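# Chain and residue survey
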Amino acid sequence: MVASDSFAEFLREQLAALGRITMRRMFGKTGVFCNRLMLGMVRDNTLYFRVDDDNRAAFKEAQSFPPLNYEKKAGTIDLSFWRAPERLFDEPDELVTWARAALAAPRRVAAKRKRTAPRRKSSLNHEGGMH
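Residues numbered from 1 in each chain as written. Predicted model: local features only at pLDDT ≥ 70, side-chain atom pairs only at ≥ 80, totals over all residues. Heavy atoms only, no water.

## Some points on the sheet that holds strand S7 (residues 81-83)
Counted only if it meets this: Any two strands with at least two DSSP-identified bridges between them are counted as paired. Only DSSP runs of H or I covering at least 4 residues are called helices, and only runs of E covering at least 2 are called strands; the numbering of each starts at the N terminus. Under this scheme, a helix contributes an axis fitted over its contacting stretch, all axes are lines through C-alpha atoms, and angles between N-to-C directions fall in the 0 to 180 degree range. A contact between two residues is defined here by any heavy atoms of the two lying within 4.5 Å.
Strand order across the open sheet formed by 5 strands is S1-S2-S3-S4-S7, with antiparallel pairing between neighbours. One side of each edge strand has no neighbouring strand; the edge strands of this open sheet are strand S1 (21-26) and S7. With direction set aside, neighbouring strand axes in the sheet form an average angle of 30°. Where S1 meets strand S2 (residues 29-34), 6 bridges bridge the pair, whose relative direction is antiparallel. Its bridge partner lying in S2, methionine 23 is registered against valine 32. Packing against the sheet, helix H1 (residues 5-14) makes contact with S1, S2, strand S3 (37-43) and strand S4 (46-50), and its axis sits at approximately 145° to S1. Docked against the sheet, helix H2 (residues 92-116) engages S2, S3 and S4, running at close to 45° with respect to S4.

## Considering the pattern of salt bridges
Two side chains with opposite charge may pair up if their charged atoms get near one another. This is how the line gets drawn: Basic side-chain nitrogens of Lys or Arg form a salt bridge, by our definition, when they fall within 4 Å of a carboxyl oxygen of Asp or Glu.
As enumerated under the stated definition, the model contains 8 salt bridges in all. Among the ionic pairs, arginine 12 bridges to glutamate 9, the shortest N-O distance being 3.4 Å. Pair noted here: arginine 12 and glutamate 9 are both in helix H1, with a separation of 3 residues, about one helical turn. A salt bridge links glutamate 94 to arginine 87, with the nearest nitrogen and oxygen atoms 2.8 Å apart. A single network of salt bridges, built from pairs that share partners, joins Glu61, Arg87, Glu91 and Glu94.

## Let's talk about the side chain of lysine 29
What counts is decided by this rule: Any pair of nitrogen or oxygen atoms within 3.5 Å is treated as a polar contact; in protein, a donor-acceptor pairing is required on top of that, and neighbouring residues in sequence qualify only through side-chain atoms on both sides.
Mapped onto the elements of the fold, lysine 29 is located in strand S2. There is a polar contact of 3.2 Å between the side chain of lysine 29 and the backbone oxygen of phenylalanine 27. For lysine 29, the residues in contact, after removing those within four places along its chain, are Met1, Val2, Arg24, Met41, Val42, Arg43, Leu68 and Asn69.

Here's what the structure looks like:
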């Protein structure tokens, strides 16, 4: 189930210090984006933060909850999103700290893509062009 309007608005307000927070429905859930980078997902008004190898230690407390997942024919597939502890909603500064750590994951992915992306050929094709 996607985020309710009130929960989405709450997250936008709480995470505004990070940048432009937007929400988008995806796969029956709601993606939470900051400046176009997905830092979390919401299912049933429960926030899950993006986790990778570099920020996993920062989210140690969240390991006590199962990660966001979905069912497939082969079984349950765990996603790289861990549930934010409920106490964070009473501690706005810490919620932003966790969100900032979650936002670092897609930034690392974007940086890696830029480094490994093949160079585009110039629009002028030297083969078969005018001589």
